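Architecture at a glance
Okay, here's what each chain looks like letter by letter:
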Amino acid sequence: MENSKDRGNIQVAPEEIALQYKYMNDIKEINASDETNYGRKKKVFLQSFGCQMNENDSERLLGMLSEMGYIEANKAEDSDVVIFNTCCVRENAEEKVYGHLGALKKQKTDNPDKIIAVCGCMMQQGEVVDHIRKKYRHVDIVFGTHNLHKFPELLYRTINTKSTVIDVMESAGSIAEGMPIERKDAIKAWVTVMYGCNNFCSYCIVPYVRGRERSRNIDDIVNEITVLGQQNYKEITLLGQNVNSYGKDLGNEISFAKLIREINHIEGIERIRFMTSHPKDLSEELILAMRDCDKVCEHLHLPIQAGSTRILNDMNRKYSKENYIELVSKIREEIPDIALTTDIIVGYPGETEEDFEHTLDVLKKVRFDFAYTFLYSKRTGTPAAKSSEQVSDEVKKQRFEKLLEVQNKISKEINDKLLGKVEEVLVEGLSKNSIWNYTGRTRANKIVNFKGSKELVGRLINVKITGTQTWSLEGEIY
Ligand code: 5AD
Ligand code: SF4
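Now for a quick tour of the structure. (Residues numbered from 1 in each chain as written. Chains lettered and ligands numbered in written order. Predicted model: local features only at pLDDT ≥ 70, side-chain atom pairs only at ≥ 80, totals over all residues. Heavy atoms only, no water.)

**Concerning the site of ligand 1**
How we decide: Near, as used in this document, describes a residue that has one of its heavy atoms within 4 Å of the molecule or strand being considered. Counting of polar contacts relies on pairs of N or O atoms within 3.5 Å, with two restrictions inside protein: one atom must be capable of donating a hydrogen and the other of accepting it, and residues adjacent in sequence are counted only when both atoms are side-chain atoms. All accessible-area figures derive from a Shrake-Rupley calculation using a 1.4 Å probe, and residue coverage is judged against the displayed protein chains alone. Secondary structure is summarised from DSSP: a helix means a run of H or I of at least four residues, a strand means a run of E of at least two, and numbering begins at the N terminus for each.
Around ligand 1, the neighbouring residues are Val89, Arg90, Tyr203, Gln305, Asp343, Ile345, Phe374, Leu375, Tyr376, Ser377 and Arg379. Between ligand 1 and Tyr203, the relevant distance is 3.0 Å, taken from a nitrogen atom to a main-chain nitrogen or oxygen of the residue. Compared with its free state, where it exposes 410 Å², ligand 1 has 85% of that area covered by protein. Secondary-structure elements contributing two or more residues to the shell around ligand 1 are β15 (339-346) and β16 (370-375).

What follows is the structure in structure tokens.
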């Protein structure tokens, strides 16, 4: 049941959403009567793997589950429903899921009423679903990323038929607005602005599992953030695989730069962040909007992936090493203190020592605040996986270590420059660090640990930086 809106995207019809609310209500009644019989509420354990978009999807699942009367548990053993929201960007994320699923077999034998569900990106791959069907027969529900909103219906079917339910939509789904959400945090919120990716970088599986780019309507985004402002949220992070493409599919004048200018007016929200930006699509218009909008933080995550132009071409990234460096200078001209972070893959097929030297050279020239570094992982179905020039694990690891060594030194040097400076910090809560009891982040997204108190949580305060580490800062309330 789909409803094509004249503005371009496709939305799940209101009747379909209403149907899901009906299923949520039916399950809530079943759970309420079970609660009377067993004297306890039904529990769910949900574990997410992967990126922030997956975390945001998990918040939606938790919203639906809460509507159905479930409370969250922190162990699978104690739960009536166990859900794994999976990721397939790299092989190790997939292996973890199989490990966890295997460990649940005994729990299911001991308690056949326990419901086990797997969803997310991994499930959008046919061979994964077949494998689960054959080897993990104790799994009750399998669903993908495109039909997340249908979870109440699938759960209802499993509860009633006690049989396995597999429902994976192959093609990219329509956008579901109006479903419940239960956010993990009370200060910072994620807001997905678009789904999917059209870029087909040669190593990446995302376009195959998340489908083509689909933007949410601007009104729906603005309404969601307005409510967050009213609920005392202070920071929002706009999410999308490639947020710079926002609006291109809507067929009107809207762009990501216009979207953030609009959001900048929303009352209560103090900080705006976004990720991820593709360098090829980062427009001058966006740089100027970032410069002009006071709430947009001076931080940009701009994945470079590799330093060698030859490798970048092979990756289908559509920019060269020089283009990237020029783009960074343009950004720094307008926003001089901007913190830059990036993603880098080491050991992409055919990467030579000389190619890798280019990556190190970019690190030294750009001087990122932080780099997320990944060992290249072969993803079936992607062009790079077919290459006969795979780099050995040993070489990948050596390069990875070298990259960390170079980057860590730069990160520490950049942090050292902040010594004695006063930074605006959004206080997040208790710190894991035993000496400094509270923690927050600067506008540049750097963690600051300091001595504070409970009433500061959720507030913006000034902190003088008194110490620096590679990945965090220490300070005193100023
Ligand atoms: N192997 C290693 N890293 C990958 N990424 C995406 N696909 C792969 C892969 N096959 C990394 C990219 C991307 C980040 C989210 O994950 O750096 O920006
Ligand atoms: Fe993957 Fe490239 Fe799309 Fe990012 S831009 S999700 S790396 S295909």
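**Here we look at the site of ligand 2**
Put simply, the test is: Three classes are used, and their members are as follows: Ala, Val, Leu, Ile, Met, Phe, Trp, Tyr, Cys and Pro are nonpolar, Asp, Glu, Lys and Arg are charged, and the others, Gly among them, are polar.
The environment of ligand 2 is formed by Cys197, Asn199, Phe200, Cys201, Tyr203, Cys204, Val206, Pro207, Gln241, His278 and Arg317. Considered class by class, the residues forming the shell around ligand 2 number 7 nonpolar, 3 polar and 1 charged.

**Things to note about the pattern of salt bridges**
Put simply, the rule is: Whenever Lys or Arg places a side-chain nitrogen within 4 Å of a carboxyl oxygen from Asp or Glu, that contact is recorded as a salt bridge.
Tallied over the full model, the rule gives 37 salt bridges. With its nearest N and O atoms 3.3 Å apart, the salt bridge here joins Glu35 to Lys41. Here Glu94 makes a salt bridge to Arg379, at a shortest N to O gap of 3.3 Å. Within this pair, whereas Glu94 is found in helix α3 (residues 91-103), its partner Arg379 is found in the loop between β16 and α14 (393-416), the two being separated by 285 residues in sequence. The structure contains a network of salt bridges with shared partners spanning Glu177, Arg183, Arg216 and Glu224.

**Looking at the side chain of Glu474**
Quick note on the threshold: Accessibility here uses a 1.4 Å probe with only protein chains present; expressed as a share of the type maximum, an area under 20% marks a residue as buried, one over 50% as exposed, and anything in between as partly exposed. The charge count treats Lys and Arg as positive and Asp and Glu as negative. His and the chain ends do not count. What makes two residues a contact is simply this: any of their non-hydrogen atoms within 4.5 Å.
Counting through the fold element by element, Glu474 comes out in strand β21 (residues 472-477). No salt bridge forms around the buried Glu474; measuring N to O, its nearest opposite-charge neighbour Lys412 is 8.7 Å away. Those residues in contact with Glu474, other than ones at most four positions away along the chain, are Trp436, Val448, Asn449, Lys464, Ile465, Thr466, Gly467, Thr468 and Gln469.

**Quick notes on the packing of aromatic side chains**
Worth spelling out the cut-off: Centres within 6.5 Å are what make two rings of Phe, Tyr or Trp a pair, Trp counting through its six-membered ring; a difference in plane orientation under 30 degrees is then read as stacked, over 60 as edge-to-face, and the rest as tilted. Lysine NZ or arginine CZ positioned within 6 Å of the ring centre and within 35 degrees of the ring normal marks a charge as sitting over the ring.
Going through the model one piece at a time under the given rule, you end up with 11 aromatic pairs. Plain terms: the ring middles of Tyr203 and Tyr348 are 6.5 Å apart, the flat faces sit at 90° to each other, and that makes the pair edge-to-face. Here Tyr203, found in the loop between β10 (194-195) and α7 (206-210), pairs with Tyr348, found in the loop between β15 and α13 (353-366); they are 145 residues apart in sequence, far enough to count as distant. Here the two residues Tyr203 and Tyr348 agree in accessibility, since each one is buried. An aromatic cluster is present here, built from Tyr203, Tyr348 and Tyr376 joined pairwise through their rings. If you follow Lys22 out to its NZ or CZ, it ends over the ring of Tyr23, 6.0 Å from the centre. Across from the ring centre of Trp436, 5.7 Å away, lies the NZ or CZ of Lys451, which sits over that ring.

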